[in-house]
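Below are the chains, spelled out letter by letter.
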Amino acid sequence: MPAKKILVVEDEPDIRKLVQYHLAQERYKVLEAEDGENALKLIQREQPNLVVLDLMLPGLSGQEICRILRSKPDTATLPILMLTAKAGEADKVLGLETGADDYLTKPFSPRELVARVKAILRRAELRTTAEGKESYHNGPLRIDFATYEVLIADKTVRLTLKEFDLLRFLVQNPNRVLTRDQLLDRVWGGETFVTPRTVDVHVRRLRKAIEKDDRKPKWILTVRGVGYKFDEKAVE
Ligand code: CA
């Protein structure tokens, strides 16, 4: 697999070099830009897999760059990790409202940066895989990922978008114990006001919608103290 390309947009040379160094250590191909104009040119030419974007830049701000990228079809889903200088909540919310996938407050540890980058890339990859497969069919359960249609024994099941996303992640990772944190990360990734309880509430609703007897679930099993497991055999 060719190395993933990451563009670092940061006007402070020391921070830019630090980020560049640690990402290069992880064998990413790292591109650098010191302002928004150069960043936009590089993004068009090099099509990076992810952008590490400083919020406070001379000229176009990180927020404006984010907005421009999100408004164009070819960069609408380009993963963005925002760097902010202030620890204030406002900055954090700002980063997410603008459409960044995640944010880091300066000063950050390089290890944390690398971990965030990996998590975002993993989510992006999963999205692509999910888009690649158009449907799931097992026993009475049929899911169309393109039309969001779920059928059980030819009867339509109504789910909310989050319940659908949760079901999709479960069926794409069958027979594996998935922790609440993993589910939060993959289904709710980047969203702020969610807790492990959110997962439980959605699992309960999903069971009600798809299980024969939601008090004795057979498909989505609880793994006590850990999380949940989708039992593919039970569906067959
Ligand atoms: Ca800056």
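Residues numbered from 1 in each chain as written. Predicted model: local features only at pLDDT ≥ 70, side-chain atom pairs only at ≥ 80, totals over all residues. Heavy atoms only, no water.

1. Points about the domain arrangement of the chain
Applicable threshold: Per the annotation, domain bounds derive from an automatic or database assignment of domains.
Segmenting the chain into domains produces domain 1 (5-129) and domain 2 (133-235). The distance between the C-alpha centroids of domain 1 and domain 2 comes to 31 Å.

2. Quick word on the sheet that holds strand S3 (residues 50-54)
How we decide: Strand pairing is assigned whenever DSSP detects at least two bridges linking the two strands. By the criteria applied, helices consist of DSSP H or I runs no shorter than four residues and strands consist of E runs no shorter than two, each listed in order from the N terminus. A fitted line through C-alpha atoms represents every axis, and for helices the fit uses only the stretch in contact; the resulting angles, taken between N-to-C directions, go from 0 to 180 degrees. Between two residues, a contact is recorded if the distance between any of their heavy atoms is within 4.5 Å.
Strand order across the open sheet formed by 5 strands is S2-S1-S3-S4-S5, with parallel pairing between neighbours. The outermost strands of the open sheet, each flanked by one partner alone, are strand S2 (29-33) and strand S5 (102-105). Adjacent strand axes in the sheet meet at a mean angle of 20°, parallel and antiparallel pairs treated alike. Relative to S3, strand S1 (residues 5-9) is paired through 4 bridges, and the arrangement is parallel. What sits directly across from Val8, in S3, is Val52. Docked against the sheet, helix H1 (residues 13-25) engages S1, S2 and S3, running at close to 170° with respect to S2. Along the sheet, helix H2 (residues 36-46) makes contact with S1, S2 and S3, crossing S2 at roughly 145°.

3. Some details on a positive patch on the surface
The following threshold applies: Patch membership requires over 30% relative accessible area and the absence of a salt bridge. Like charges are linked within 9 Å, and nonpolar side chains (Val, Leu, Ile, Met, Phe, Trp, Tyr) within 5 Å. Shrake-Rupley sampling with a 1.4 Å probe provides the accessible areas, and residues are treated as covered by the protein chains on show and by no other component. A side-chain nitrogen of Lys or Arg and a carboxyl oxygen of Asp or Glu constitute a salt bridge if their distance falls within 4 Å. As used throughout, the charge tally considers Lys and Arg to be positive and Asp and Glu to be negative, leaving His and the chain termini uncounted. Charge positions are represented by NZ for Lys, CZ for Arg, CG for Asp and CD for Glu. Three labels apply to residues, based on accessible area from a 1.4 Å probe with only protein chains included: buried if under 20% of the type maximum, exposed if over 50%, partly exposed otherwise in between.
There is a patch of like positive charges on the surface, built from Arg197, Arg204, Arg205 and Lys208. Tracing the sequence through the fold places Arg205 in helix H8 (residues 196-210). Exposure remark for Arg205: the relative accessible area of 43% places this residue in the partly exposed category.

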